[in-house]
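Here's the letter readout for the chains.
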Amino acid sequence: MPSQPIPEPPPYRITLFYGPEPVEAHPSRLACVFNVKKRSWKGGVQVAVEVNEAQAAHAREALAFEPWLHKTLASIAVEERPTYESRAQDLLIQGLCALKLDLAIDAGIQQENGRVSAEAFARELDQAIAQQANRLKTQILAELDLASPAE
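Counting from 1, residues in each chain are numbered in the order their sequence is written. With pLDDT at 70 or above as the cut-off, local features in this predicted model cover only qualifying residues; side-chain atom pairs require 80 or more to be listed or tallied, and sums for whole chains, interfaces and linings still use all residues. Note that water and hydrogens are dropped before the side-chain values are worked out from all heavy atoms of the structure.

(A) Region of the structure containing the sheet that holds strand S3 (residues 45-52). DSSP bridges decide pairing: two strands pair if at least two such bridges lie between them. Here a strand is any run of E in DSSP of at least two residues, a helix any run of H or I of at least four, and the numbering for each starts at the N terminus. Taken in spatial order, the four strands make up an open sheet running S1-S2-S3-S4, and their pairing is mixed. On the outer flanks of this sheet lie strand S1 (12-23) and strand S4 (114-116), each paired with one strand and no other. This sheet shows a mean twist of 25° between the axes of neighbouring strands, independent of strand direction. As defined by bridge partners, S1 adjoins strand S2 (residues 26-38) across nine bridges and the pair is classed as antiparallel. Residue pairing across strands places Tyr-12 opposite Lys-38, the latter belonging to S2. Here helix H1 (residues 53-62) sits on the sheet and contacts S2 and S3; the angle it forms with S3, its principal contact strand, is near 70°. Throughout, an axis means a line fitted to C-alpha atoms (over the contacting stretch in the case of helices), and angles, computed between N-to-C directions, take values from 0 to 180 degrees. Throughout, a contact is declared for two residues whenever any of their heavy atoms are within 4.5 Å.

(B) The packing of helix H2 (residues 65-72) against helix H3 (residues 81-107), seen in detail. Close contact between H2 and H3 brings their axes to 11 Å; oriented N to C, the two are set at 135°. Relative to H3, the element H2 lies oblique. As for how H2 packs across H3, the hand of that crossing is right-handed. Residues Phe-65, Glu-66 and Leu-69 of H2 touch H3, and the partners they reach there are Glu-85, Ala-88, Gln-89 and Leu-92. Roughly parallel refers to an angle under 35 degrees, roughly antiparallel to one over 145, roughly perpendicular to one between 65 and 115, and oblique to any angle outside these ranges. For any pair of crossing helices, the crossing counts as left-handed if the nearer helix is rotated counterclockwise from the farther one by less than a right angle, and right-handed if it is rotated clockwise.

(C) Up close: helix H4 (residues 122-131). Where H4 is concerned, the buried positions are Leu-125, Ala-128 and Ile-129. All buried residues of H4 project into a common sector of 100° when viewed along the axis, lining one side. With respect to the buried face of H4, the exposed residues turned more than 90 degrees away are Arg-123, Gln-127, Ala-130 and Gln-131. For every residue, the accessible area (1.4 Å probe, protein chains only) is compared with the maximum for its type, and the residue is labelled buried under 20%, exposed over 50%, or partly exposed between those bounds. Note that the arc is computed from the directions linking the helix axis to the C-beta atoms.

(D) Quick look at the packing of H2 against helix H5 (residues 133-144). Where H2 meets H5, the axes come as close as 12 Å, and the angle between the chain directions of the two elements is 35°. Both H2 and H5 take part in a crossing whose hand is right-handed. In this structure, H2 uses Phe-65, Trp-68 and Thr-72 to contact H5, whose residues at the interface are Lys-137, Ile-140 and Leu-141. Under this grouping Gly is polar, as are all residues other than the nonpolar Ala, Val, Leu, Ile, Met, Phe, Trp, Tyr, Cys and Pro and the charged Asp, Glu, Lys and Arg. For the contact of H2 with H5, the class distribution of residues is four nonpolar, one polar and one charged.

(E) Inspection of the nonpolar core at higher detail. To form a nonpolar core, buried Ala, Val, Leu, Ile, Met, Phe, Trp, Tyr and Cys residues must be joined to one another through side-chain atoms within 4.5 Å. With 39 residues, the main nonpolar core has Val-36, Val-47, Phe-65, Leu-96, Leu-101 and Ile-140 as its most contacted residues. Per-element tally for this core: the top contributor is H3, with eleven residues. Here Ile-140 is in contact with Phe-65, Trp-68, Ala-88, Leu-91 and Leu-92, once residues within four sequence places are set aside.

(F) Here's a closer look at the side chain of Gln-55. Along the polypeptide, Gln-55 turns up in helix H1. Residue Gln-55 is classed as buried on the basis of its relative accessible area, which comes to 10%. The contact partners of Gln-55, leaving out residues within four places of it in the chain, are Glu-50, Lys-100, Ala-118, Ala-122 and Leu-125.

What follows is the structure in structure tokens.
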């Protein structure tokens, strides 16, 4: 029996540090901070990734997020739904920030603490949302410890 090759580990290890949090001096923006470590780096860096409310609203629309979330939470007790809804909204923003961070990494990220502004990668984020819609929703379901809603 031929042996299976061991898959190559990813070049970056990315960990959500915290967020979403409001961006100081920009109330319509939220940011998530990630610890990013490339295998060749001696240490990680912290990267704050911003999304503005227009980007979040566009993502909610593109994903049909509100109807999907309503359907997803239909089996949850009514008194528990607000907690799940709030957490799902935070997880969506975290997912959008993670997509934008992936775009920044693909563009070449330096080994220094930094920020990816809300304006950066706006068009590319729209494309990534369309391409990664199922992945975003699956990640949210996993974090909420819920099964996929019946289609």
